[in-house]
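Geometric and topological summary
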Amino acid sequence: MDSLVQAIREQGVILPGGFLKVDGLVNHQLLPRLTREMGVRFAQLFAPLNPTKVLTIEVSGIAPAIAAAMELDVPMVYARKKKPLTMKEPAFTASSVSRTKGGNVDLFISSEFLGPADRVVVIDDFLASGGTLRALTGMIELSGATLLGLGCVVEKEFEKGREHLADLNVPIHTLANIVRMSEHEGIVVEAGR
Ligand SMILES: O=P(O)(O)OC[C@H]1O[C@H](OP(=O)(O)OP(=O)(O)O)[C@H](O)[C@@H]1O
Ligand SMILES: O=c1[nH]c(=O)c2nc[nH]c2[nH]1
């Protein structure tokens, strides 16, 4: 997605520990036109699989996921990181690591909104190690729903998440790919794959 690649070149900041800050477009401030374009692109990629639901995780996955769900005209569900008292039992749970805040987080999805009839596309903001997507796909498996594919806004190729998730045998689409980044070279970013 050329507009996203351009925005990352203009606004991306390299942080210690291999982190890319794109708070001005993905993780804090959201740009409506760019976000809508993400949704359109994901919908083009995943509509042929006939999904019935988009799944994501709070918080930064919600914007691209709802943009995609609006284009696909299906509901969007997000895994919650704290179980609210309104959530009906049984809930599907998994554990994952928060990359930007540190520490383990428990994830919860109500069985009210994910079940065997669902054909699910998972959308998130970052594909890094793939740990978060692994936790989400584990919950899809618990629910009996069918996993159709995975989509992320930004892939950090050098963290090898795509390779770690290859055993799932589903298409993985990303909109921008960070090939590498360093103080010396800056952010080497290309269109997603
Ligand atoms: O592929 P991985 O190594 O799992 O990294 C990707 C995950 O890390 C971030 O989550 P985080 O909880 O840090 O941030 P958020 O609260 O902004 O969604 C990001 O939103 C992805 O969900
Ligand atoms: O804002 C972020 N920048 C990153 O580099 C990253 N990796 C995983 N999750 C991330 N979130």
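In every chain, residue numbers begin from 1 and rise along the written sequence. Just so you know, chain letters begin at A and ligand numbers begin at 1, following the order they were written in. Thresholds applied to this predicted model are a pLDDT of at least 70 for local features of residues and 80 or more for the giving and counting of side-chain atom pairs; totals over whole chains, interfaces and linings are not thresholded and use all residues. Excluded from the side-chain calculation are hydrogens and water; included are all heavy atoms of the structure.

Some points on the site of ligand 1
Near ligand 1 there are 16 residues, and of these Ser60, Lys101, Asp124, Asp125 and Ser129 occur at the shortest range. One of the side-chain nitrogen or oxygen atoms of arginine 99 is found 2.6 Å away from an oxygen atom of ligand 1. The side chain of aspartate 125 places a nitrogen or oxygen atom 2.5 Å from an oxygen atom of ligand 1. Using a 1.4 Å probe, the Shrake-Rupley method yields the accessible areas, and only the shown protein chains count as cover for residues. With the chains in place, 94% of the 500 Å² that ligand 1 exposes on its own is no longer accessible. By convention in this text, a residue qualifies as near a molecule or strand provided that one of its non-hydrogen atoms is within 4 Å of it. Definition of a polar contact: a pair of N or O atoms within 3.5 Å, with one able to donate and the other able to accept a hydrogen when the atoms are protein atoms, and with sequence-neighbouring residues admitted only if both atoms are side-chain atoms.

Quick look at the nonpolar core
Core analysis: the largest hydrophobic core is formed by 33 residues, its most contacted members being Leu4, Ile8 and Leu20. For this core, the secondary-structure elements that each account for two or more residues are α1 (2-11), α2 (23-27), α3 (32-46), α4 (62-72), β7 (119-127), β8 (146-156), β9 (172-182) and β10 (186-191). With five residues, the top contributor of residues to this core is α3. Among residues more than four places away in sequence, those in contact with leucine 20 are Ile8, Gly12, Val13, Phe126, Val154, Ile178, Met181 and Ile187. Throughout, nonpolar core names a set of buried Ala, Val, Leu, Ile, Met, Phe, Trp, Tyr and Cys residues whose side chains join them through atoms within 4.5 Å. Think of it in three bands: with a 1.4 Å probe and only protein chains considered, a residue is buried below 20% of the maximum accessible area for its type, exposed above 50%, and partly exposed in between. For helices the rule is a DSSP run of H or I covering at least 4 residues; for strands it is a run of E covering at least 2, with both sets numbered from the N terminus onward. Two residues qualify as a contact provided that any one of their heavy atoms is within 4.5 Å of a heavy atom in the partner residue.

As for the packing of aromatic side chains
What counts as a ring pair is set by centres within 6.5 Å for rings of Phe, Tyr and Trp (its six-membered ring), and what kind of pair is set by the plane angle: stacked under 30 degrees, edge-to-face over 60, tilted for all other angles. Enumeration over the complete set of coordinates arrives at one aromatic pair. Here phenylalanine 42 and phenylalanine 46 contribute two aromatic rings whose centre-to-centre distance is 6.4 Å and whose plane-to-plane angle is 25 degrees, an arrangement assigned as stacked. Placement of both phenylalanine 42 and phenylalanine 46 in helix α3 is noted, with a separation of four residues, approximately one turn of the helix. For the pair phenylalanine 42 and phenylalanine 46, one class covers both residues: buried.

Considerations on the site of ligand 2
Neighbouring ligand 2 are Phe19, Leu20, Asn27, Arg99, Thr100, Phe126, Ala128 and Lys156. Here asparagine 27 contributes a side-chain N or O atom positioned 3.3 Å from an oxygen atom of ligand 2. Contact with the protein chains removes 91% of the 270 Å² of surface that ligand 2 exposes when unbound. The cavity that encloses ligand 2 is the largest pocket. Both cavities and pockets are sets of points on a 1 Å grid over the protein atoms alone; in a cavity a 1.4 Å probe fits but cannot get out, in a pocket the set is open with protein on both sides within 12 Å along at least five of seven lines, and lining residues sit with an atom within 4 Å of a point. Each molecule is assigned to a cavity or pocket provided more than half of its atoms lie within 2 Å of the corresponding grid points.

Brief notes about the pairing of β8
For β8, the tally of buried residues reaches 10 of 11 residues, placing the bulk of the element in the interior. Think of it this way: DSSP has to see at least two bridges between two strands before they count as a pair. Pairing of β7 with β8, which is carried by eight bridges, proceeds in the parallel orientation. Residue phenylalanine 126 lies in a different strand from β8, and its bridge partner there is valine 154. Note on handedness: a clockwise path from strand one over the helix to strand two, with the strands aimed away from the viewer, defines a right-handed crossover. Read as a crossover between parallel neighbours, the route from β7 over helix α5 (residues 131-143) to β8 is right-handed. Relative to β9, β8 is paired through six bridges, and the arrangement is parallel. In the strand pairing of β9, glutamate 155 is matched with asparagine 177.

Some words on the sheet that holds strand β3 (residues 53-57)
Pairing in this open sheet of six strands is mixed, and the strands run β4-β3-β7-β8-β9-β10 from one edge to the other. One side of each edge strand has no neighbouring strand; the edge strands of this open sheet are β4 (76-79) and β10. The mean inter-strand angle of the sheet, taken between neighbouring strand axes irrespective of direction, is 25 degrees. The strands touched by α4 are β3, β4, β7 and β8; relative to β3, the strand with the most contacts, the crossing angle is about 175 degrees. Interaxial angle, 0 to 180 degrees, is taken between N-to-C directions of lines fitted to C-alpha atoms, where a helix line uses only the stretch in contact.

Section: the layout of surface pockets
Space inside the largest pocket adds up to approximately 670 Å³. Forming the boundary of the largest pocket are 31 residues, of which Asn27, Arg99, Thr100, Asp125 and Phe126 lie nearest the centre. Taken together, the elements giving at least two residues each to the lining of the largest pocket come down to β2 (19-21), α2, β5 (91-97), β7 and α5. Considering only residue class, the lining of the largest pocket consists of 11 nonpolar, 10 polar and 10 charged. Grid points are joined across faces, edges and corners, and a volume is the space filled by probe spheres set on the points. Here the second largest pocket is characterised by a volume of approximately 190 Å³. Around the second largest pocket sit 13 residues that line it, and Tyr78, Arg80, Met87, Ser110 and Phe113 are the ones nearest its centre. Elements supplying a minimum of two residues to the lining of the second largest pocket: β4 and β6 (104-110). Polarity classes work like this: nonpolar for Ala, Val, Leu, Ile, Met, Phe, Trp, Tyr, Cys and Pro, charged for Asp, Glu, Lys and Arg, and polar for all others, with Gly in that last group.

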